[in-house]
Each structure stands twice: as structure tokens, then as C-alpha cells.
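# Chains, contacts and geometry: an overview
The lines below spell out each chain.
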Amino acid sequence: MMRTRPLKVALLGCGVVGSEVARIMTTHADDLTARIGAPVELAGVAVRRPSKVREGIDPALITTDATALLKRGDIDIAIEVIGGIEPARTLITTAFENGISVVSANKALLAQDGAALHAAAGAAGLDLYYEAAVAGAIPLVRPMRESLAGDKINRVMGIVNGTTNFILDKMDSTGAGYQEALDEATALGYAEADPTADVEGYDAAAKAAILAGIAFHTRVRLDDVYREGMTEVSAADFASAKRMGCTIKLLAILERAADGESVTARVHPAMIPLTHPLSSVREAYNAVFVEAEAAGRLMFYGPGAGGSPTASAVLGDLVAVCRNKLAQATGPGESAYTQLPVSPMGDVVTRYHISLDVADKPGVLAQVATTFAEHGVSIDTVRQQGRQDGSGKEASLVVVTHRAPDAALSGTVEALRKLDTVRGVASIMRVEGE
Ligand code: NDP
Ligand code: HSE
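Residues numbered from 1 in each chain as written. Chains lettered and ligands numbered in written order. Predicted model: local features only at pLDDT ≥ 70, side-chain atom pairs only at ≥ 80, totals over all residues. Heavy atoms only, no water.

### Observations concerning the overall build of the protein chain
Tallying secondary structure elements over the protein chain gives 14 helices and 17 strands in all. Relative to a compact globule of 434 residues, whose C-alpha radius of gyration would be 22 Å, the protein chain shows 24 Å and is just as compact. The buried share of the protein chain, reckoned over its 434 residues, is 52%. Taking contacts inside the protein chain between residues at least 6 apart in sequence as the whole, the part at least 24 apart equals 72%. Carbon and sulfur atoms make up 50% of the accessible area of the protein chain, which totals about 18,600 Å². Put simply, the protein chain has 41 plus and 52 minus side-chain charges, and the middle of one group is 1 Å from the middle of the other. (Helix = DSSP H or I, 4+ residues; strand = E, 2+ residues; numbered from the N terminus. Rg over C-alpha atoms; globule rule 2.2 N^0.38 Å. Buried < 20%, exposed > 50% of the residue type's maximum accessible area, 1.4 Å probe, protein only. Contact = heavy atoms within 4.5 Å. Areas by Shrake-Rupley, 256 points an atom, 1.4 Å probe, with all protein chains shown as cover. Lys, Arg positive; Asp, Glu negative; His and termini not counted. Charge placed at Lys NZ, Arg CZ, Asp CG, Glu CD.)

Dropping the structure here:
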């Protein structure tokens, strides 16, 4: 039976993502009605600048008073695509207080306050869906929350930020400068309102926190995620990576400890072999490997940012929430029953690529090797290249280690910096995916 009374939607935000949500809701209205079993109507659009021309949107729907829109009594579902913490948090809470289910793309807010928002939705018997918050168009949240709900996920590794992948890809493939590539990513609508969130790894860390919580059924907040951005990655790092048959990607890596008693969550640039599927993820695409006990290795791949791809994920959630409403049901809420603690970065075990500037004289290599050995870090390969810098004979020393705990590597680097013969530590990068 088709219901004729429409489900009414308040769109909070009408920027890069919101404008595409509105466009698809309008142009695909008949298909959405058929798929949901009831018409779905855009009943109001809250923005900051009411006079801005918004193609395809009835100006009568525009308001700057999002709270009044949510409180007017006829709204069934709110789509929050404003971003940031406030006013988004208060508006989502207001929606729940007024019996309105929420679809959000806001990873920053979910990583910070996901538990409280889930609790508020659960208490009110309403839905909170957020597929678009992680990896743009890629269906990832729902497959992990629902399709893999009967399996045990042990590891998740992926590229979850489109802007930084776009920049790293341009730097690697065309030799473009960092700023030039960032400007292009911003113009294409990939970057956050403040692109610091992208390039310093906060956006990827927020997504990592959300994914870790879902993967391990525990609560992981943004502050629990170790984070390094990609602003320090240089052309020299790409040259080193190439010599090793690798490229550089900003990765999010979430792992269950071998004893199953804790988890780790981290975001940092890493070298990965050119033979690894993540190395061929170009432009603003994202890709995520999920390793589950019974399923084995799964890979999710697709556009990770941009208005239209992100709107696809929002619309998928909208259809699901509308169907739930008609069935007088709700989808899954937060699952955090394992209460696994998040271990510090020092416990993570991986490989490292370290570039040192050293004095080129007898015994230096032995001294450096001894320092690694003293900290229990085993060396895999060493490459030395001599050069004259005007102040005396110097050399570049590149050390690649076997797997070692991050704490041991940090101790090694600290000791190396104190050696007279080590002029500087040019770069430290983790090596993943081997
Ligand atoms: P934009 O900055 O393009 O749009 C933000 C919108 O929110 C604008 O329409 C703005 O109004 C409106 N707005 C801002 N403050 C208020 C307020 N106080 N009250 C009402 N409206 C307000 O952001 P995006 O569309 O790029 O991103 C939206 C969300 O989607 C963010 O959470 C982002 O992280 C997430 N996201 C974005 C992706 C992308 O590729 N862009 C991908 C995945 C998720 P006005 O138009 O008047 O300025
Ligand atoms: N700024 C984000 C990115 C948008 O570049 O990935 C998608 O979440």
C-alpha cells in the first residue's frame, strides 16, 4: 500500500553536499516514492546566508532559523549537512527532542559526541544514520554495522580522506606543489570548510574513530586516535619511496591486539608497496580493507568526497530511515558492549623508513647500527649516499627496519639525535601493507 501523506524532510545546510541532496530529492522524487512506499517532501532548508541564489530550490523553503524549522511540528526527518560541532550538535539534539530521526554526514561531531547522540536517539526511539560521514559514497558504515554483524573484524586499513589522497597523488604523479594541489581539491568541493582538518589528519582521525567503534564494538573517540597529518611529506620522501618500490598514502589503521584484549587506532602517512591495491587509489578516491575472521579480506572502494557522491550516501540513509518510520521500527544503534581499551601508539608494531644526515667518516654506520640494536630494533636494509655540503663530508643514511614497537623506534630516534655524528633526522615514515 502506497501512503499518500508525504514524509517531511528538513535539510539543515545547503552547501556542497546539501545542494546535491536537494537536487537528487527533487529529480528522483518518483523513484524515491516508489522505493520508500510514500512520497518524501523537502519541507524546509536551513542555511546561514538566505540571499544566496540556490538553483532548483524554492526560495520559500529557505530559512535561517533551523531550530524553528525543527520545532514547527510537521518534520519527520532532519538531514544535517552543516558540519562542525555547533550548532550541529544542538540541532540534532533538538530534532530528537521533537520526535525527528536524523541523517548526518558530520564525522567531526560523531567522533566527538557519537555516544551521547546515539543515546539520545535510542531514548527517543529514533534513528541516527551517518553513512556519508565515512568515505563519501562508499557503502562502509552499513556493511560493517549490519552485513558483518555476525563476524569478528580484526583489522581495518584504508585511505579515508579524499583531499589528502588528491594532494599526495598530484605530488607523486605530476610533481605538483602542496598548495597548488590543495587549492584544486578545495575548488572541487573535497576539502573541509577549514582544510586544516584534512591535511593535519583530523578528518581521517574522526573517520577512524567512527570505524573503530563499529569494527570492534567499543567506544573510540577522536582523542583516542593517534594522528599525524601529511604536511611534512616532501618530494624527497616520494623519491625515497620510489627507490623502495613504494608510494606514500595517508592511512587510517585500526587493529585488534593479538590477545584480543585491546585495540589501536592511528592515522599517519605511510609508505606502501606499489604492488599493494591501496597504492593505485588515485585522486579523491578512498579505499578501505576490512579483515574479518570468517569473511577474510574485503575491499571497499569508491569516491570519498564531493557533493554528488556524498549525497548518494545521504540519500541511501534517507530511504532507510523513511522505511523504518513507515515500519514503526528503528535501525541499529550504538554497539559498544566489548568495552575494549584503546592502547597507546607506543604499542603499535610496524616497520619504519628513517632518513638520517650523518658525518661521512669511519665508525658512523656501526654507531648508528648499535643504537638501533640497543633499543631492540632490527635493521632490514641500509643505504648510504655521500655528499659534500661545504661544512665537511656528510652522507645520507636511509635505514629500513624490521617490525618493531613504535615506542622502541621513538627511543631509537631520540638516542640517534644525541649522537655527534648524526647531523639530523630528515624523516621518519612507517612502512605498511607488506
Ligand atoms: P559546506 O560548507 O559546503 O556547507 C555547509 C552548509 O551549512 C551551508 O549551506 C551553510 O549555509 C550551512 N550553514 C552553516 N552554518 C549554518 C547555521 N548556523 N545554520 C544553518 N546553516 C548553516 O559543507 P559541505 O557541504 O562540504 O559539508 C557538509 C557536511 O558534510 C560536513 O559535516 C562535512 O564534513 C560532511 N561531508 C562533506 C563531504 C564533501 O566532500 N564536501 C564529504 C563527506 C562528508 P550557507 O550556504 O548559507 O553558507
Ligand atoms: N574533506 C573530506 C575528504 C570530505 O576530503 O575526504 C569527505 O569526508
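From this point, the narrative continues.
### What to know about helix H13 (residues 364–374)
Those residues of H13 that fall on the buried side of the exposure criterion are Val364, Val368, Thr371 and Phe372. Down the axis of H13, the smallest arc covering the buried residues is 100°, so these residues share one side. Summarising the geometry of H13, the exposed residues directed more than 90 degrees from the buried face are Ala373 and Glu374. Note on H13: the residue one or two positions beyond its end, Gly376, has a positive phi of about 75°. (Arc of directions from axis to C-beta.)

### Some words on the site of ligand 1
Residues in close proximity to ligand 1 total 23 residues, the closest being Cys14, Arg49, Lys107, Glu192 and Gly306. The contact in question runs from an oxygen atom of ligand 1 to an N or O atom on the side chain of Arg48, over 2.9 Å. In terms of residue class, the shell around ligand 1 is made up of 11 nonpolar, 7 polar and 5 charged. (Near = heavy atom within 4 Å. Polar contact = N/O pair within 3.5 Å; in protein donor to acceptor, adjacent residues only side chain to side chain. Nonpolar A, V, L, I, M, F, W, Y, C, P; charged D, E, K, R; others polar.)

### Focus on the sheet that holds strand S3 (residues 62–63)
Taken in spatial order, the 6 strands make up an open sheet running S3-S2-S1-S4-S5-S6, and their pairing is parallel. With partners counted over all chains shown, the strands left at the sheet margins are S3 and strand S6 (128–129), one partner each. Here strand S1 (residues 7–12) pairs with strand S4 (residues 77–80) via 4 bridges, running parallel. Pairing of Leu12 across the sheet is with Glu80, part of S4. (Pairing = 2+ DSSP bridges.)

### Topic: the nonpolar core
Grouped together as the largest cluster of nonpolar side chains are 74 residues, with contacts concentrated most on Leu12, Leu140, Met144, Val156 and Val290. No other element matches the 11 residues that helix H10 (residues 202–216) contributes to this core. Composition of this core by domain shows at least three residues from each of domain 1 (7–136 + 308–326) and domain 2 (147–302). Val21, Val45, Ala313 and Leu318 belong to the second-largest nonpolar core, a separate cluster that totals 34 residues. (Core = buried A, V, L, I, M, F, W, Y, C linked by side-chain atoms within 4.5 Å. Domains from an automatic or database assignment.)

### A word on the side chain of Lys170
Within the fold, Lys170 resides in helix H7 (residues 162–173). When residues no more than four places from it in sequence are discounted, the contact partners of Lys170 are Gly175, Ala176, Ala181, Glu184 and Glu283.

### Observations concerning the domain arrangement of the protein chain
Domains assigned within the protein chain are domain 1 (7–136 + 308–326), domain 2 (147–302) and domain 3 (345–431). In this complex, domain 1 contributes 11 residues to the contact, which on the side of domain 2 involves 14 residues. Buried area between domain 1 and domain 2, both sides added, is near 990 Å², and the carbon and sulfur share of it is 70%. Among the residues domain 1 hides against domain 2, the three largest losses belong to Lys107, Ala111 and Val134. Together they make up 50% of the total. When the shortest N-O distance is used, the salt bridge between Lys107 and Glu192 registers 3.1 Å. Connecting domain 1 to domain 2 are 4 residue pairs in polar contact (both at pLDDT 80 or more). If one sorts the elements of the side of domain 1 that touches domain 2 by residue count, helix H5 (residues 107–124) sits on top with 6 residues. (Buried area = accessible area lost by both parts, 1.4 Å probe. Salt bridge = Lys/Arg side-chain N within 4 Å of Asp/Glu carboxyl O.)

### Considerations on helix H8 (residues 178–187)
Two residues of an α-helix separated by three or four positions point the same way, owing to the 3.6 residues in each turn. Turning to H8, its buried residues are Ala181, Leu182 and Ala185. One face of H8 carries all of its buried residues, which in axial projection span an arc of 100°. Pointing more than 90 degrees away from the buried face of H8 are the exposed residues Glu180 and Ala187. For H8, the elements touching its buried residues are H7 and helix H9 (196–199).

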